[in-house]
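The lines below spell out each chain.
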Amino acid sequence: MREAAADTGASAGGVGPAGSLIPEAEAAKLLPFLEPGARADLQAAAARHVLALTGSGPGRTLLAGQAALLRALVELAAAPAPAPARDAARALVNLAADPSLHDPLLAAEPGLPARLLSRALDPQWPWAEEAAAVLANLSREPAPCAALMEALGAVEPGELGLEQLVRALCTPDYNARAPLHYLGPVLSNLSQRRAERAFLLDPDRCVVQRLLPLTQYPDSTVRRGGVVGTLRNCCFEHRHHEWLLGPEVDILPFLLLPLAGPEDFSEEEMERLPVDLQYLPPDKQREPDADIRKMLIEAIMLLTATAPGRQQVRDQGTYLILRELHSWEPEPHVRVTCEKLIQVLIGDEPEQGMKNLLEVQVPEDIERQLQQLDQQEQEQCERERQERELAPEPQAEGAAPT
């Protein structure tokens, strides 16, 4: 997430609100105006100035070398009104969006993840969304992600921080002044770690079941994408596939429904589909975001890693949904992913000794060949995308060229 002004194209130093270059010494002069006790109007002006700096690459690089200023910015982002906490938090969003700045941020303020987490999970904090967005950017990298997990472990005695995060994400109006959409990507990033997946997949906690309805959340692509990414990561744990596909969770209809359109299947085909996918209305829309569609397909692909999983996925009419999706899909890279899953569903079963495709050891030379093929597919998809963008718009019949 990046919220500030676009890069102004300056080649050295920082960039001020009017595009003027700011030497390092001048940037350091902002520090007294950001610290607690500074006059409110000057503090607000200094925060706006720093926010403008974070809108450019040179400005972010300049600030990365100002440890004291970064610490003051963190303090300000967590300060109560009338402090300009929102502008300070938005500046941190921009800084955290650059992975090369994560080390300077954590070196300046090692407690940054914990500070942000307390604000993101505070149901009364008006800028909780900005705090969550900083965490979403930071947690993409291993070191800040580990620091965030440590912070989650110390949220509140007697309650797991991850449980509180899930509750905040899944509870409507948890914070009446902040939508908390960015907790979705935070959870997705955390779910790349096995220990966190173990928590999410604990049958006694019912976390996955609470997340499933959010695959259709209409108000935020960010939240939907974070939840779908979390579910996809959980599907790497093949020992839980039987539970995920079984009646306790029944994950497959929730993964298929966003991929389904308004197609009118025959009665015989309709009976093969889960009840939630039968007789969909004529105005049914597919998931509009291509990356989310791809993650949904990848999650289903992971569920086909074992023979029982493949059979369950086949038995619920998955091929029918994918067949229609493939005919409709405008994005080449999503279409290629769809084709791979279709091949798994309609192809022959793997030979003996390959019952679990997630545990198959691929020889290095074969792995290199597969990586080359993947690269070629990506290049072909990119060429198709560019050709589609450059293709002339079709003219209405009888219209004169302009």
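Only a predicted model underlies this, so the values are computations on that prediction, with no experimental measurement involved. (Residues numbered from 1 in each chain as written. Predicted model: local features only at pLDDT ≥ 70, side-chain atom pairs only at ≥ 80, totals over all residues. Heavy atoms only, no water.)

## Comments concerning unusual backbone geometry
So, point 1. Cis peptide bonds are those with omega within 30 degrees of zero, and the linkage from A81 to P82 qualifies with 10°.
So, point 2. For P82, the location among the structural elements is in the loop between α5 (67–77) and α6 (85–96).
So, point 3. Unusually for a residue other than glycine, L180 sits at a positive phi of about 65°.
So, point 4. Mapped onto the elements of the fold, L180 is located in the loop between α11 (161–170) and α12 (183–190). (Helix = DSSP H or I, 4+ residues; strand = E, 2+ residues; numbered from the N terminus.)

## Some remarks on the environment of S139
So, point 1. On the secondary structure map, S139 appears in the loop between α9 (128–138) and α10 (142–153).
So, point 2. For the pair S139 and V186, spaced 47 residues apart in sequence, the C-alpha separation works out to 6.6 Å.
So, point 3. Residues within four places of S139 in sequence aside, it is in contact with C145, L148, V186 and N189.
So, point 4. Within the structure, the side chain of S139 is placed 3.4 Å from the backbone oxygen of A136, a separation counted as a polar contact. (Contact = heavy atoms within 4.5 Å. Polar contact = N/O pair within 3.5 Å; in protein donor to acceptor, adjacent residues only side chain to side chain.)

## Digging into the pattern of salt bridges
Side-chain pairing between opposite charges can occur once the charged atoms of the two side chains come close.
So, point 1. Within the structure shown, the criterion is met by 17 salt bridges.
So, point 2. The shortest N-O distance in the salt bridge between R86 and E130 comes to 3.2 Å. Note that R86 is positioned in helix α6 and E130 in helix α9, a separation of 44 residues in sequence.
So, point 3. Taking the relative accessible area as the measure of exposure, E130 reaches 7% and is therefore buried.
So, point 4. Of the charged contacts, one joins R90 and D87 as a salt bridge, the two residues approaching to 3.9 Å between their closest N and O atoms. (Salt bridge = Lys/Arg side-chain N within 4 Å of Asp/Glu carboxyl O. Buried < 20%, exposed > 50% of the residue type's maximum accessible area, 1.4 Å probe, protein only.)

## Here we look at the nonpolar core
So, point 1. Membership of the largest hydrophobic core comes to 109 residues, with the highest contact counts inside it found for L92, L190, L244 and I251.
So, point 2. Here the element with the most residues in this core is helix α19 (residues 290–303); it accounts for nine residues.
So, point 3. Aside from chain neighbours lying at most four places away, what touches L92 is L73, V74, A77, L105, L112 and V134. (Core = buried A, V, L, I, M, F, W, Y, C linked by side-chain atoms within 4.5 Å.)

## As for the layout of surface pockets
One water molecule sets the probe size; rolling that probe over the atoms shows where empty space is left.
So, point 1. Taken as a whole, the second largest pocket encloses approximately 310 Å³ of empty space.
So, point 2. Looking at the lining of the second largest pocket, the elements that each hand over two or more residues are α9, α12 and α15 (221–234).
So, point 3. No other element matches α15, which puts seven residues into the lining of the second largest pocket.
So, point 4. Looking at the lining of the second largest pocket residue by residue, the classes come out as seven nonpolar, nine polar and two charged. (1 Å grid on protein atoms, 1.4 Å probe; cavity = no way out; pocket = protein on both sides within 12 Å on 5 of 7 lines; lining within 4 Å. Points joined across faces, edges and corners; volume = space filled by probe spheres on them. Nonpolar A, V, L, I, M, F, W, Y, C, P; charged D, E, K, R; others polar.)

## Quick notes on the packing of aromatic side chains
So, point 1. Taken as a whole and assessed by the stated rule, the structure comprises zero aromatic pairs.
So, point 2. Across the ring face of W125, the terminal group of R119 is positioned such that the distance to the ring centre comes to 3.8 Å.
So, point 3. Seen from the ring of Y217, R223 lies directly overhead, with NZ or CZ sitting 4.8 Å from the centre. (Phe/Tyr/Trp six-rings, centres within 6.5 Å; stacked < 30°, edge-to-face > 60°. Lys NZ or Arg CZ within 6 Å of the ring centre and 35° of its normal.)

## Digging into a negative patch on the surface
So, point 1. On the surface, a cluster of negative charge is contributed by D264, E267, E268 and E271.
So, point 2. Along the chain, the position of D264 falls in the loop between α17 (251–256) and α18 (267–272).
So, point 3. Under the relative-accessibility criterion, D264 is labelled exposed at 72%. (Patch = residues over 30% accessible without salt bridge, like charges linked within 9 Å, V, L, I, M, F, W, Y side chains within 5 Å. Areas by Shrake-Rupley, 256 points an atom, 1.4 Å probe, with all protein chains shown as cover. Lys, Arg positive; Asp, Glu negative; His and termini not counted. Charge placed at Lys NZ, Arg CZ, Asp CG, Glu CD.)

## A closer look at the side chain of R293
So, point 1. Within the element layout of this structure, R293 appears in helix α19.
So, point 2. Those residues in contact with R293 that lie beyond four places of it in its chain are L259, E287, P288, L325, W328, E329, P330, E331 and V334.

## Describing the packing of α11 against α12
So, point 1. At their nearest, the axes of α11 and α12 sit 10 Å apart, and the two run at 145° to each other. Here α11 runs over α12; the crossing is left-handed. The residues of α12 that touch α11, namely those facing L162, L165, V166, A168 and L169, are L183, G184, V186, L187 and L190. (Axes fitted to C-alpha atoms, helices over the stretch in contact; angles between N-to-C directions. Left-handed = near helix turned anticlockwise from the far one by under 90°.)

## Overview of the environment of L302
So, point 1. Position of L302 among the secondary structure elements: in helix α19.
So, point 2. For the pair L302 and N233, spaced 69 residues apart in sequence, the C-alpha separation works out to 9.2 Å.

## Some details on the confidence of the model for the protein chain
So, point 1. The predicted model of the protein chain averages 85 in pLDDT, with 80% of residues at 70 or higher.
So, point 2. For residues 2–21, every residue scores under 50 in pLDDT, and the model assigns this stretch 45 contacts once sequence neighbours within four places are set aside.
So, point 3. Counted against residues more than four places away or in other chains, residues 394–402, with its pLDDT under 50, gives two contacts. (pLDDT = per-residue confidence, 0-100.)

## Details of the packing of α5 against α6
So, point 1. As a packed pair, α5 and α6 sit with axes 7 Å apart at the nearest point and diverge in direction by 130°. If you check the angle between α5 and α6, you find them oblique. Here the hand of the crossing between α5 and α6 comes out left-handed. Residues L70, L73, V74, L76 and A77 of α5 touch α6, and the partners they reach there are A85, A88, A89, A91, L92 and L95. (Parallel < 35°, antiparallel > 145°, perpendicular 65-115°, else oblique.)

## So, the side chain of E129
So, point 1. Looking at the secondary structure, you find E129 in helix α9.
So, point 2. In this structure, E129 is buried with no salt-bridge partner, the nearest side chain bearing the opposite charge being R223 at 6.4 Å.
So, point 3. Within polar-contact distance, the side chain of E129 engages the backbone nitrogen of L180 at 3.3 Å.
So, point 4. Side-chain polar atoms of E129 contact the backbone nitrogen of Y182, separated by 3.2 Å.
So, point 5. Residues within four places of E129 in sequence aside, it is in contact with A178, P179, L180, H181 and Y182.

## Observations concerning empty space enclosed by the protein
So, point 1. With the rule as written, the count across this model stands at one cavity of 30 Å³ or more.
So, point 2. Estimates place the volume of the largest cavity at around 60 Å³.
So, point 3. Forming the walls of the largest cavity are V74, A77, A78, A89, L92, L112, R115, L116, R119, W125, W127 and A131.
So, point 4. Among the elements of the structure, α5, α6 and α8 (112–120) are those that each provide at least two residues to the lining of the largest cavity.
So, point 5. With four residues, the top contributor of residues to the lining of the largest cavity is α8.
So, point 6. In terms of residue class, the lining of the largest cavity is built from ten nonpolar, no polar and two charged.

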